[in-house]
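Observations on the three-dimensional arrangement
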Amino acid sequence: MVDLLIRDVGAHLKRKLETSARKNNHSLSEEAKEILQRALATETDDRKLGTLMSQLLPPEDRSDDYVFEIRAM
């Protein structure tokens, strides 16, 4: 079995990990492994914002001449 040492973990992050471990009845190591496994199992989405926005529209309403305005707040 391979070990992993993570240095310079802030006190706030360690407390959050400890709280999560207690809640899930895990040791710190078990909880960290679970979190890492879940994070690495999540697929990343490499699409760009324009692609994501155009895919919100039904195919019959899509076009190449859309203008998206960003209004100042």
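Higher on the page you've got the structure.
Report on the accompanying structure. (Residues numbered from 1 in each chain as written. Predicted model: local features only at pLDDT ≥ 70, side-chain atom pairs only at ≥ 80, totals over all residues. Heavy atoms only, no water.)

Details of the overall build of the protein chain
Broken down by element type, the protein chain carries three helices and zero strands. The linear arrangement of helices and strands in the protein chain, starting from the amino end, is α-α-α. Taking 73 residues into account, the globule formula puts the C-alpha radius of gyration at 11 Å, and the protein chain, at 21 Å, lies well above it. Expressed as lengths along the three principal axes of its C-alpha atoms, the size of the protein chain is roughly 55 × 35 × 25 Å. Within the protein chain, the fraction of its 73 residues that count as buried is 4%. For the protein chain, the exposed area adds up to about 7500 Å²; of that, 55% sits on carbon and sulfur atoms. The distance from the centre of the 12 positive side-chain charges to the centre of the 14 negative ones in the protein chain is 10 Å. (Helix = DSSP H or I, 4+ residues; strand = E, 2+ residues; numbered from the N terminus. Rg over C-alpha atoms; globule rule 2.2 N^0.38 Å. Buried < 20%, exposed > 50% of the residue type's maximum accessible area, 1.4 Å probe, protein only. Areas by Shrake-Rupley, 256 points an atom, 1.4 Å probe, with all protein chains shown as cover. Lys, Arg positive; Asp, Glu negative; His and termini not counted. Charge placed at Lys NZ, Arg CZ, Asp CG, Glu CD.)

Comments concerning helix 1 (residues 11-23)
Counted at 1.5 Å a residue, the expected span for helix 1 with its 13 residues is 18 Å, and the 18 Å between its end C-alpha atoms agrees. Two residues or fewer after helix 1 comes Asn25, characterised by a positive phi angle close to 55°. (Expected span 1.5 Å × (residues − 1).)

Quick notes on the pattern of salt bridges
Scanning the entire structure with this criterion turns up one salt bridge. Note that Glu18 and Lys14 form a salt bridge whose closest N and O atoms lie 3.5 Å from each other. In this pair, Glu18 and Lys14 are both assigned in helix 1, four residues apart and thus about one turn of the helix distant. The exposure class assigned to Glu18 is partly exposed, which follows from its relative accessible area of 25%. (Salt bridge = Lys/Arg side-chain N within 4 Å of Asp/Glu carboxyl O.)

So, a nonpolar patch on the surface
A contiguous nonpolar patch, built from Leu4, Ile6, Val9, Leu13, Leu36 and Leu40 and spanning about 640 Å² of accessible area, is present on the exposed surface. Among the structural elements, Leu40 can be located in helix 2 (residues 28-41). (Patch = residues over 30% accessible without salt bridge, like charges linked within 9 Å, V, L, I, M, F, W, Y side chains within 5 Å.)

Overview of unusual backbone geometry
Phi is positive for Asp8, which is not a glycine, with a value near 55°. Considering the arrangement of structural elements, one finds Asp8 in the segment before helix 1. Backbone geometry at Asn25 places phi at a positive 55°, although glycine is not the residue there. The residue Asn25 is located in the loop between helix 1 and helix 2 in this model. For Asn25, a relative accessible area of 69% translates into the label exposed.

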